[in-house]
Amino acid sequence: DRGGYPDDRDLSGFDPARKGYFHGGDLKGLLGKLDYIQGMGVTAIWLAPIFANKPVQGPPGQLSAGYHGYWITDFTRVDPHFGSNADFKALVDAAHARGMKVIMDIVINHSADVIDYRECAPVAEGGVASARSDCPYRNKAMYPYTRRGGRNGVPINVGFAGDTPAQQTAENFAHLTDPDYAYTPFVRAAEAHVKVPDWLNDPIYYHNRGNSLWKGESALGGDFAGLDDLFTEHPRVLAGMIDIYKDWITRYRVDGFRIDTAKHVDDAFWQRFIPAILAHAKAEGIPNFYLFGEAYALTPKDLSRFTREAAFPAVLDFAFQQAAMHTVAEGAPTRRLKKLFDADRLYADGVAGAARLPTFLGNHDMGRFGFFLQQSQEKHADAAGMLKRAMLGHALLLLARGVPVIYYGDEQGFTGDGGDQDSREDMFPSRVVSYNDNRLIGSSTTTADDNFDPAHPLYRELAALAALRNAHPALRGGEQVVRYSESRAGLFAFSRIDRASGEELLVVLNTASVAREHTLPVAHGERAWRKLIGEGSDTLTPLHAKVRVQMPPLSYTVYRADIPVAPR
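Residues numbered from 1 in each chain as written. Predicted model: local features only at pLDDT ≥ 70, side-chain atom pairs only at ≥ 80, totals over all residues. Heavy atoms only, no water.

(A) Just the overall build of the chain, in detail. The number of helices and strands found in the chain is 17 helices and 22 strands. Its C-alpha atoms put the chain at 80 × 50 × 45 Å along the principal axes. In the chain, buried positions account for 56% of the 568 residues. Once local pairs closer than 6 in sequence are excluded, the contacts in the chain between residues at least 24 apart make up 67%. For the chain, the computed accessible surface area is about 22,300 Å², with 53% contributed by carbon and sulfur atoms. (Helix = DSSP H or I, 4+ residues; strand = E, 2+ residues; numbered from the N terminus. Buried < 20%, exposed > 50% of the residue type's maximum accessible area, 1.4 Å probe, protein only. Contact = heavy atoms within 4.5 Å. Areas by Shrake-Rupley, 256 points an atom, 1.4 Å probe, with all protein chains shown as cover.)

(B) Broad picture of the environment of Leu298. Position of Leu298 among the secondary structure elements: in the loop between strand 12 (290-293) and helix 9 (300-308). Linking Leu298 and Ala323, residues 25 residues apart in sequence, is a C-alpha distance of 9.4 Å. Sequence-distant contacts of Leu298, defined by excluding residues within four places in its chain, comprise Phe318, Ala319 and Gln322.

(C) The layout of surface pockets, seen in detail. Taken as a whole, the second largest pocket spans an internal volume of roughly 660 Å³. Forming the boundary of the second largest pocket are 30 residues, of which Trp71, Phe224, Ala225, Leu227 and Asp420 lie nearest the centre. Split by residue class, the lining of the second largest pocket holds 9 nonpolar, 13 polar and 8 charged. (1 Å grid on protein atoms, 1.4 Å probe; cavity = no way out; pocket = protein on both sides within 12 Å on 5 of 7 lines; lining within 4 Å. Points joined across faces, edges and corners; volume = space filled by probe spheres on them. Nonpolar A, V, L, I, M, F, W, Y, C, P; charged D, E, K, R; others polar.)

(D) Structural detail: the environment of Phe320. Along the chain, Phe320 turns up in helix 10 (residues 318-329). Residue classification places Phe320 among the buried residues on the basis of a relative accessible area of 0%. Along the sequence, Phe320 and Leu357 sit 37 residues apart, while their C-alpha atoms lie 9.5 Å from each other. For Phe320, the contacting residues outside a window of four places in its chain are Leu340, Phe341, Thr359, Phe360, Leu361, Leu396, Leu397 and Ala400.

(E) Representation of the sheet that holds strand 17 (residues 504-510). Strand order in this open sheet of 6 strands is 15-16-17-22-19-20, and the pairing throughout is antiparallel. Among the strands making up the open sheet, the edge pair consists of strand 15 (479-484) and strand 20 (539-540). Relative to strand 22 (residues 555-561), strand 19 (residues 529-534) runs antiparallel, the two being bridged by 5 bridges. For Gly534, the partnering residue across the bridge sits in strand 22 and is Thr557. Sitting on the sheet, helix 16 (residues 457-471) touches strand 19 and strand 22, and the angle it makes with strand 19 is about 145 degrees. (Pairing = 2+ DSSP bridges. Axes fitted to C-alpha atoms, helices over the stretch in contact; angles between N-to-C directions.)

(F) Up close: the side chain of Thr307. Summarising the element assignment, Thr307 is placed in helix 9. A distance of 2.7 Å separates the side chain of Thr307 from the backbone oxygen of Ser304, its partner in a polar contact. Polar side-chain contacts of Thr307 include one of 3.1 Å to the backbone nitrogen of Ala348. Once you skip the residues sitting within four places of it in the chain, Thr307 turns out to touch Phe312, Ala314, Val315, Tyr347 and Ala348. (Polar contact = N/O pair within 3.5 Å; in protein donor to acceptor, adjacent residues only side chain to side chain.)

(G) Up close: the packing of aromatic side chains. Applying the stated rule across the entire model yields 30 aromatic pairs. Taken together, a centroid distance of 5.2 Å and an interplanar angle of 80 degrees make the contact between Tyr36 and Phe452 edge-to-face. Remark: Phe452 occurs in the loop between helix 15 (433-436) and helix 16 and Tyr36 occurs in helix 3 (residues 34-39); sequence separation between them is 416 residues. Classification of Tyr36 by relative accessible area gives buried; the value is 10%. Arranged with centres 5.9 Å apart and planes meeting at 70 degrees, the rings of Phe88 and Trp248 form a pair that is edge-to-face. Of the two residues, Phe88 sits in helix 4 (residues 85-97) while Trp248 sits in helix 7 (residues 235-252), which places them 160 residues apart along the sequence. (Phe/Tyr/Trp six-rings, centres within 6.5 Å; stacked < 30°, edge-to-face > 60°.)

(H) Main features of the packing of helix 13 (residues 369-377) against helix 14 (residues 383-399). Closest axis-to-axis distance for the helix 13/helix 14 pair is 10 Å, and the angle between their directions is 135 degrees. In terms of orientation, helix 13 lies oblique with respect to helix 14. Helix-helix and strand crossings are classified by hand; for helix 13 and helix 14 the assignment is right-handed. The segment helix 13 lies against helix 14, with Phe369, Leu373, Gln374 and Gln377 engaging Met386, Arg389, Ala390 and Gly393. (Parallel < 35°, antiparallel > 145°, perpendicular 65-115°, else oblique. Left-handed = near helix turned anticlockwise from the far one by under 90°.)

(I) Representation of the confidence of the model for the chain in the model. Of all residues in the chain, 92% attain a pLDDT of 70 or more, and the chain-wide mean is 92. Low confidence marks residues 123-132, where pLDDT is under 50. Its contacts with residues over four positions away, or in another chain, come to 34 contacts. (pLDDT = per-residue confidence, 0-100.)

(J) Representation of the side chain of His81 within the structure. Summarising the element assignment, His81 is placed in the loop between strand 5 (72-78) and helix 4. Within the local environment of His81, its side chain forms a polar contact with the backbone oxygen of Ser12, the two atoms lying 2.6 Å apart. Among the polar contacts listed, one links the side chain of His81 to the side chain of Asp79, at a separation of 2.7 Å. Apart from residues lying up to four places away in sequence, His81 is in contact with Asp1, Arg2, Gly3, Tyr5, Ser12, Phe22, Gly25, Asp26 and Pro55.

(K) Structural context of the sheet that holds strand 11 (residues 256-259). Spatial ordering of the open sheet is given by 1-6-11-12, a layout of 4 strands whose pairing is parallel. Looking at the sheet topology across the chains shown, the edges are occupied by strand 1 (44-47) and strand 12. Recorded for the sheet is a direction-independent mean angle of 15 degrees between the axes of neighbouring strands. Here strand 11 pairs with strand 12 via 4 bridges, running parallel. Bridge pairing in strand 12 places Ile259 opposite Gly293.

(L) Looking closely at the pattern of salt bridges. Under the definition given, this model contains 31 salt bridges. Taking the shortest distance from any N to any O, the salt bridge between Asp93 and Lys89 comes out at 2.8 Å. Within this pair, Asp93 and its partner Lys89 are both found in helix 4, separated by 4 residues, close to a single helical turn. On the accessibility criterion, Lys89 (38% relative accessible area) is partly exposed. Here Arg516 ties to Glu486 by a salt bridge, and the two come within 3.6 Å at their closest N and O atoms. Taken together, the positions of Arg516 in strand 18 (residues 516-521) and Glu486 in the loop between strand 15 and strand 16 (491-497) put the pair 30 residues apart, joining distant regions of the chain. Residue classification places Arg516 among the buried positions, given a relative accessible area of 15%. The exposure class of Glu486 is buried, given its relative accessible area of 5%. A single salt-bridge network, built from bridges that share partners, covers Asp105, Arg258, Asp260 and Glu294. (Salt bridge = Lys/Arg side-chain N within 4 Å of Asp/Glu carboxyl O.)

Structural data, given as structure tokens:
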């Protein structure tokens, strides 16, 4: 619980009654719940960062704990709040024995807040300046990199994000010996060697330009909310990070990486780092290593750039999340979904690249799908309607193209109160008041209860959808063809077609609170269609390569043609 730290919440970070602190969950507990997780049809587990973190951080009066894993001090060791490296190996081995995969969440953009700046406004303790106080970003034009000491030194041609590859050379960086070109960074004696590997303790390997303004140059070179921003253009940082994460693959045989804050690191870094990691995984006998980035961008145009220009095989599909939220939770026209999928061609490898994107309905940053449902439907939706919308959203998630990600607790109807700390509820009985007053979807319990219930209607629905997905290759990797959408809330229909067998599945969703019907084109119009799951008619009779569908309110159905279309 306390990770070996003293029995003081502001030293250990452990306080089960405060939402911004550790509550006691660990890797052994997760291993003990693999039956529950696998019973839902889950085939891979994506863990939040498990690396050793600074246990507590922040300015006086605003302290919180590193429960989230993004304040890393030791990149080689599991945080003691979660257990040991041996516990992690046991978890990975147990998952592999079940045919499940494990994906690590990794961080490169920044590490824990250890570097302070002397020029910044002092905080309370001892009048010492801190990076956690107001240190505005200082750009390269006004504060260039220098050869000899500080802002009066001789400027040197050190590459920065967006500069030419010729500037980002070891020879140029060899001239960069002093880190005080923008601010004067320093590290308190007690934390002089807190980071592992030890090279991470040298301020020369950080940008040291002050806090990000979240735009322009600062989005790449600024401190992320005060966290020490790594100088990812530096060859030593590139080589060091490659070595760190190669070692986790070699030692633990993990199956993939989710890379945090991808948009805040220069493209040139990713163009070198990603091929090195994929090649190493392949050499270690993991040829299908699943690597995807977190680029918080909400449109296919902005997201796809990272697959074309930054070498990412995939990125988290925030655009899918937005479209699903708008149509299912808020009742936007279903043409919103058609527009989303029409843009799949923008990704590297086109629709094949879009099929690799991890799709999701909500997450730890923006909040849960249940939260969006309650925000949109609170005034006019009953409990049954809320549950149906939650099921409809998850049906879209598991039946449409992409790699579906279920955020823990959503299968138990968790709702939360927003992002980050407000969407981090305990599944074991919670002591956090702001969690326990939430109204859950599909359940009369609260988060004060144990919430590992395989009889929960959302858990059962997800298990059924996952079983269907597992049984039909068309749903896992088949071509997707949009058949119909509306300029209002209502029907959205698409086919999933398996190229190898020619099998066609027709997926029909109704996002309206009233029944809808329509005639849809299909690839195979000669035989009857049988319902596999959902609330629509048991069969559909085709006429001239079309079928008439009738859908109850807030429902979905999957149909399969009696014989497949000819393989393409």
